Amino acid sequence: MTVIMSLLAICVMVLVDQVVKYWAITMLAPVGSIPLIPGVLQLTYVENRGAAFSILENQIWLFVLLAVVILCGIFYALHTNRIQHVLGKFSLLVISAGAVGNVIDRVVHHYVVDMIEVRFIQFPVFNIADIYVTVGVVLFAVYYLFLHKDADEADEVEKK
């Protein structure tokens, strides 16, 4: 995947996240919540000023700094070809899109807009960017556990 394609993929994912959040601010916030599947899933407008379960509330710049450090690590890993498989590369792009989506919220609004509420379990309200991060981390774990080869392993495979 080229750099241009990677950046375009991140931009499209961030755009989807931001459009949904804009809808939540303009249409969902005035009504508070909309049941989708009663007792199971609903859309609920929440302004999250912390991380999961609202920990570290109002630490905007700590979260922004953390996201920047993570993004730098991801782009370094991608730029230096430390990730050999397309699944590993894709997972890092998805994580990047989630991080950027939530950083935009923190900088612009001073909170993250959340709106997806799972009702049948005790779970925090979340957003599309959170889904990106979660799915990206799971995909990266699959990549790392089953597809990643250390530099020594890659050298041995090439020698054979």
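See the structure shown above.
The structure reproduced in this document is the subject of the present report. Just so you know, the residues in each chain are numbered from 1, in the order the chain's sequence is written. Reporting in this predicted model follows two pLDDT cut-offs: at least 70 for local features of residues, and 80 or more for side-chain atom pairs to be given and counted; totals over whole chains, interfaces and linings ignore these cut-offs and use all residues. Excluding hydrogens and water, the side-chain figures rest on all heavy atoms present in the structure.

## Quick word on the sheet that holds strand E3 (residues 112–118)
Now for step 1: Only strands joined by at least two bridges in the DSSP assignment are considered to pair. Segments assigned H or I by DSSP are reported as helices when at least four residues long, segments assigned E as strands when at least two residues long, and all are numbered from the N terminus. Read across the open sheet, the 3 strands follow the order E1-E2-E3; overall the sheet is antiparallel. A single partner strand is all that each edge strand has here, and the edge strands are strand E1 (33–37) and E3. With direction set aside, neighbouring strand axes in the sheet form an average angle of 30°.
Now for step 2: In this analysis, two residues are considered to be in contact whenever any of their non-hydrogen atoms come within 4.5 Å of each other. Angular values range over 0 to 180 degrees, each being the angle between N-to-C directions of two axes fitted as lines to C-alpha atoms, with helices fitted over their stretch in contact. Strands E1, strand E2 (41–48) and E3 of the sheet are contacted by helix H1 (residues 3–28), whose axis makes an angle of about 85° with E3.

## With respect to the pattern of salt bridges
Now for step 1: For this document, the term salt bridge refers to a Lys or Arg side-chain nitrogen within 4 Å of an Asp or Glu carboxyl oxygen. Considering all chains together, one arrives at 4 salt bridges under this definition.
Now for step 2: A salt bridge links Asp 17 to Lys 21, with the nearest nitrogen and oxygen atoms 2.9 Å apart. With a gap of 4 residues between them, Asp 17 and Lys 21 both fall in helix H1, about one helical turn apart. Lys 21 carries the same exposure label as Asp 17, and that label is buried.
Now for step 3: One salt bridge in this structure joins Arg 49 and Glu 47, with 3.0 Å as the shortest N-O distance.
Now for step 4: Think of it in three bands: residues with accessible area under 20% of the maximum for their type are buried, residues over 50% are exposed, and the middle band is partly exposed, with areas taken using a 1.4 Å probe on protein chains only. Overall, the relative accessible area of 30% leaves Arg 49 in the partly exposed class.
Now for step 5: With relative accessibility at 35%, the residue Glu 47 sits in the partly exposed group.
Now for step 6: Here the residues in one salt-bridge network are Asp 17, Lys 21 and Asp 105, joined through shared partners.

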